[in-house]
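# Residue-level structure breakdown
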Amino acid sequence: MIQGKTNSGFKFEIDENQLKNYEFVELVAEVDENELLMPKLLKLLLGDQVKALKDHIRDESGIVPIEKMVAEIKDIFENAQVKNS
């Protein structure tokens, strides 16, 4: 299990097997061409933690800002790669 924390303080756990899952790799490759696949990618990577992540970055008006989500995703991927190597 890979555990980490984003720069904003969101703590997460990733099952290392998901990083070796071919379907996950397919989604990573496809998300560049179709950003609408990102929710599916996050669900596969984080599972039930996605809701907690959205709540973590939700603003005072109840919106989950895309730019904050992108920053969190980037932090998670960088953290997971460092700990996985």
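In the block above lies the structure referred to throughout.
The sections below set out a description of the structure shown in this document. Computed from a predicted structure; not experimentally measured.

Time to look at the overall build of the protein. Scanning the protein from terminus to terminus reveals five helices and two strands. Taken from the N to the C terminus, the helices and strands of the protein come in the order β-β-α-α-α-α-α. For a compact globule of 85 residues, the expected C-alpha radius of gyration is about 12 Å, and the protein comes in at 13 Å, within 12% of that figure. Here the C-alpha coordinates of the protein stretch approximately 40 × 30 × 20 Å along the principal axes. Of all 85 residues assigned to the protein, the portion counted as buried reaches 32%. A separation threshold of at least 6 residues defines the contact pool for the protein, and within that pool the share at least 24 residues apart is 47%.

Residues I2 and G4 of strand β1 (residues 2-5) are buried on one face, while the alternating residues Q3 and K5, pointing to the opposite face, are not. Of the strand pairs in this sheet, β1 and strand β2 (residues 11-14) are connected by four bridges, and their pairing is antiparallel. Opposite K5, over in β2, you have K11 as the bridge partner. The loop that links β1 with its antiparallel partner β2 comprises five residues; one of these, G9, has a positive phi angle of about 105 degrees.

With that settled, consider the nonpolar core. In terms of nonpolar packing, the biggest core is built from 19 residues, with I14, L46 and I76 touching the most fellow members. Only β2, α2 (22-31), α3 (38-46), α4 (49-57) and α5 (66-84) provide two or more residues apiece to this core. If we skip the residues at most four places from it in the chain, L46 touches F12, E13, I14, L53 and I76.

Conventions used here
Residues numbered from 1 in each chain as written. Predicted model: local features only at pLDDT ≥ 70, side-chain atom pairs only at ≥ 80, totals over all residues. Heavy atoms only, no water. Helix = DSSP H or I, 4+ residues; strand = E, 2+ residues; numbered from the N terminus. Rg over C-alpha atoms; globule rule 2.2 N^0.38 Å. Buried < 20%, exposed > 50% of the residue type's maximum accessible area, 1.4 Å probe, protein only. Contact = heavy atoms within 4.5 Å. Pairing = 2+ DSSP bridges. Core = buried A, V, L, I, M, F, W, Y, C linked by side-chain atoms within 4.5 Å.

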